[in-house]
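# Topology and contacts: notes
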Amino acid sequence: MLLDNQAQADLAAAITEQEKRTDAELVTVLASQADDYRYITTLWAALLSLLVPAALLFMPHWLTSLEVLLLQWGVLIVLAVLFRFKPIQFRLVPRALQRQRAASLARTAFLQQGLHHTRDDTGLLIFVSEAEHYVEILADQGIARHVDDAQWQAIVDAFVARVKAGQVAEGFQQCVAACGDKLAEHVPASGEKNELPNHLIIL
């Protein structure tokens, strides 16, 4: 588990405190990984296994067609398993594809958590996909009309640095506090409400 029970409780408390200052509804979502990328790693394994016959040309002895086929299948299986290990997997998956998958999951989470259905369109999602080192802040139109995406970037950059350092819990706390300051300035509290859950959503 990326965040233990105490860290999750501390985060929920921090969100509760910040929501007292603003009409915004903060929701935090943490995914361990946005995609398993199995099709990418399997493709790499398949492509490399196709090189087996070419490599055998430099061998001092010949194999039968069946032996070559079995060797290819063996290489495919071994590489497919090996490439599932994250340190290797994420070197094979293009960074642009990682970001695309994580961004897609963030938008899905925004809709699934009902952030587009708050009373004044003031939902704010803080999304993290740990394996991709991806952080995004998505704001509904009630917030976006006051705060553009560029203003969230410094907060996102600081959070990404924390995630890369393995400090996900600290990153969430820092991010929630920074978002709370900005929301209190642009979307201050006009009354008491709590439409969405404050606890961390883990995907």
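Starting afresh in each chain, residues are numbered from 1 along the sequence in its written order. pLDDT decides what is reported in this predicted model: residues at 70 or higher carry local features, side-chain atom pairs at 80 or more are listed and counted, and totals for whole chains, interfaces and linings draw on all residues regardless. With hydrogens and water set aside, each side-chain value is computed from the structure's full complement of heavy atoms.

### Here we look at the UniProt feature "domain: TPM" (unreviewed entry) in the protein
Selection rule: UniProt positions are given in the numbering used here, feature names are shortened, and annotations may be inferred rather than shown by experiment. We count a stretch as a helix when DSSP gives it H or I for four or more residues in a row; a strand needs E for two or more, and each element gets its number in order from the N terminus.
According to UniProt, the "domain: TPM" (unreviewed entry) feature falls on residues 97–180. The span residues 97–180 carries 54% helix and 15% strand; its end-to-end C-alpha distance comes to 31 Å.

### Focus on the domain arrangement of the protein
Counted only if it meets this: Where each domain begins and ends is defined by an automated method or by a domain database. In what follows, residue pairs with any heavy atoms lying within 4.5 Å of each other are defined as contacts. By buried area we mean the combined loss of accessible area, with a 1.4 Å probe, across both parts when two parts are placed together. Salt bridges are defined as contacts in which a side-chain nitrogen from Lys or Arg sits within 4 Å of a carboxyl oxygen from Asp or Glu. Here a polar contact is recorded for every N or O atom pair within 3.5 Å, except that within protein the pair must consist of a potential hydrogen donor and a potential acceptor, and residues adjacent in sequence are included only if both atoms are side-chain atoms. Residues are grouped as follows: Ala, Val, Leu, Ile, Met, Phe, Trp, Tyr, Cys and Pro are nonpolar; Asp, Glu, Lys and Arg are charged; all remaining types, including Gly, are polar.
When its domains are assigned, the protein resolves into domain 1 (5–35 + 94–202) and domain 2 (38–92). Between domain 1 and domain 2, the C-alpha centre-to-centre distance is 42 Å. Contact with domain 1, which involves 9 residues of that partner, is made by 6 residues of domain 2. In this assembly, domain 1 packs against domain 2 so that about 570 Å² is buried in total across both faces, 47% of it on carbon and sulfur atoms. Interface area lost by domain 1 to domain 2 is led by Gln33, Pro94 and Gln98, which between them contribute 52%. Our count for the contact surface shared by domain 1 and domain 2 stands at 0 salt bridges. Here domain 1 is connected to domain 2 by 2 residue pairs in polar contact (both at pLDDT 80 or more). Across the side of domain 1 that touches domain 2, the residue classes tally to 3 nonpolar, 3 polar and 3 charged.

### Some points on the sheet that holds strand E3 (residues 134–139)
Stated precisely, the cut-off is as follows: Pairing between strands requires that DSSP locate at least two bridges from one strand to the other. Angles shown run from 0 to 180 degrees and are taken between the N-to-C directions of axes, each axis being a line fitted to C-alpha atoms and, for helices, limited to the stretch in contact.
The strand order across the open sheet formed by 4 strands is E3-E2-E1-E4, and the pairing between neighbours is mixed. Lying at the two open borders of the sheet, with one neighbouring strand each, are E3 and strand E4 (201–202). The pairing of strand E2 (residues 123–129) with E3 spans 6 bridges and is classified as antiparallel. Counterpart to Val128 in the pairing with E3 is Val135. Across the sheet, helix H6 (residues 95–112) lies against strand E1 (25–31), E2 and E3, angled at about 35 degrees from E3, the strand it touches most. Here helix H8 (residues 153–164) sits on the sheet in contact with E2 and E3, set at roughly 150 degrees to E3.

### As for the packing of aromatic side chains
Definition in use: Two rings from Phe, Tyr or Trp (for Trp, the six-membered ring) form a pair when their centres are within 6.5 Å of each other. A pair whose planes differ by under 30 degrees is stacked, one over 60 is edge-to-face, and the rest are tilted. Accessible area is worked out with a 1.4 Å probe on protein chains only. A residue is then buried under 20% of its type maximum, exposed over 50%, and partly exposed in between.
Counted according to the given criterion, the structure contains 3 aromatic pairs. Ring centres 6.4 Å apart and planes at 65 degrees place the aromatic pair Phe127 and Tyr134 in the edge-to-face group. A relative accessible area of 0% places Phe127 in the buried class. When its relative accessible area of 6% is taken as the criterion, Tyr134 is described as buried.

### Considerations on the state of the cysteines
Condition: We call a pair of cysteine sulfur atoms a disulfide when they lie within 2.5 Å.
In this structure the tally under the stated criterion is 0 disulfides. No disulfide involves Cys175; its nearest neighbouring cysteine sulfur is the one of Cys179, lying 3.9 Å away. Exposure remark for Cys175: the relative accessible area of 3% places this residue in the buried category.

### As for helix H9 (residues 168–186)
Worth spelling out the cut-off: Given a helix with a known number of residues, its expected span is that number minus one, times 1.5 Å.
The end-to-end C-alpha distance of H9, which contains 19 residues, comes to 27 Å, matching closely the 27 Å that a straight helix rising 1.5 Å per residue would cover. Check the buried side of H9 and you find it contacts helix H1 (5–19), E1, E2, E3, helix H7 (141–144) and H8.

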